[in-house]
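Below are the chains, spelled out letter by letter.
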Amino acid sequence: MTQLIFSASDFRRRALEHVGAPLDHGWEHHGNHALNGHVDLVIQDMPLKDAAVLIGVIDDDQDARIILTQRTSKLRQHAGQIAFPGGGIDDTDQTPEEAALREAEEEIGLDRRFVETVGRLPQSLTGTGFRIQPVLAVVRPGYTITPNPDEVESVFEVPLSFLMDPSNHSQDSRMLAGAMRRFYVMPYGERRIWGITAGLIRTLYERLYA
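Residues numbered from 1 in each chain as written. Predicted model: local features only at pLDDT ≥ 70, side-chain atom pairs only at ≥ 80, totals over all residues. Heavy atoms only, no water.

- The protein goes by CoA pyrophosphatase in an unreviewed UniProt entry, where it is assigned to Peteryoungia desertarenae.

In structure tokens:
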């Protein structure tokens, strides 16, 4: 069996080879959506706001890591949860990439000059009313992080090798909006990565590494 490489350069290669793969259809077959079948198909008929998140992989030789945030407890939605930098796509954003880069600058102070976008994952729909476009990127060293205290409690990194290991992907369930929902969970130290974020990580694994 060939041993997988978890460097940023290998991630870039996989992401660029993935460019052009069907993205707008088949979202229901990936991540958390694949666990919930027809329940999530109802979401696509809801009024949804377009959003983008940045899945940034830090280029540090063979020790590639993904940037994650913990949202503050005072936010109206998804308070206190682990998330990728991101948010709603504004009218002034020409592309999801531009929105993801802008949001990363606003939320964690990540200067876009250090970020190379390399692809996208399929969109993900949320019961809280968002249609999320995940943007894949490589982040070169030299950047600084300055969290916006109104939105982000802390910023941390998780090894790509850990997140792309399916043995670290467990599942849980709970009642949400009157329906039993299943979702991925990826505990990392004292942090519990779950819900939308874990579903996007699982989709990254399924599309690029499985």
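1. Things to note about the packing of helix H1 (residues 8–18) against helix H6 (residues 195–209)
Inference 1: Look at H1 against H6: their axes get within 10 Å of each other, and the N-to-C directions meet at 80°. Relative to H6, H1 is oriented roughly perpendicular. Seen from H1, the contacting residues are Asp10, Phe11, Arg14, Ala15 and His18; seen from H6, they are Leu204, Arg207, Leu208 and Tyr209.
Inference 2: When grouped by side-chain class, the residues that make up the contact of H1 with H6 number five nonpolar, one polar and three charged. (Axes fitted to C-alpha atoms, helices over the stretch in contact; angles between N-to-C directions. Helix = DSSP H or I, 4+ residues; strand = E, 2+ residues; numbered from the N terminus. Parallel < 35°, antiparallel > 145°, perpendicular 65-115°, else oblique. Contact = heavy atoms within 4.5 Å. Nonpolar A, V, L, I, M, F, W, Y, C, P; charged D, E, K, R; others polar.)

2. Here's the deal with the packing of aromatic side chains
Inference 1: Overall, the coordinates contain three aromatic pairs when judged by the stated rule.
Inference 2: Measuring from ring centre to ring centre gives 5.0 Å for Phe162 and Tyr188, while their planes differ by 65°; the resulting arrangement is edge-to-face. Remark: Tyr188 occurs in strand S10 (residues 179–188) and Phe162 occurs in helix H5 (residues 160–163); sequence separation between them is 26 residues.
Inference 3: Taking 5.1 Å as the distance between ring centres and 55° as the angle between the ring planes, the aromatic pair formed by Phe183 and Trp194 counts as tilted. Taken together, the positions of Phe183 in strand S10 and Trp194 in strand S11 (residues 191–194) put the pair 11 residues apart, joining distant regions of the chain.
Inference 4: In this structure Phe183 comes out as buried when scored by relative accessible area, which is 3%.
Inference 5: Here Arg191 stacks its cationic end above the ring of Phe156, 3.9 Å away from the centre of that ring. (Phe/Tyr/Trp six-rings, centres within 6.5 Å; stacked < 30°, edge-to-face > 60°. Buried < 20%, exposed > 50% of the residue type's maximum accessible area, 1.4 Å probe, protein only. Lys NZ or Arg CZ within 6 Å of the ring centre and 35° of its normal.)

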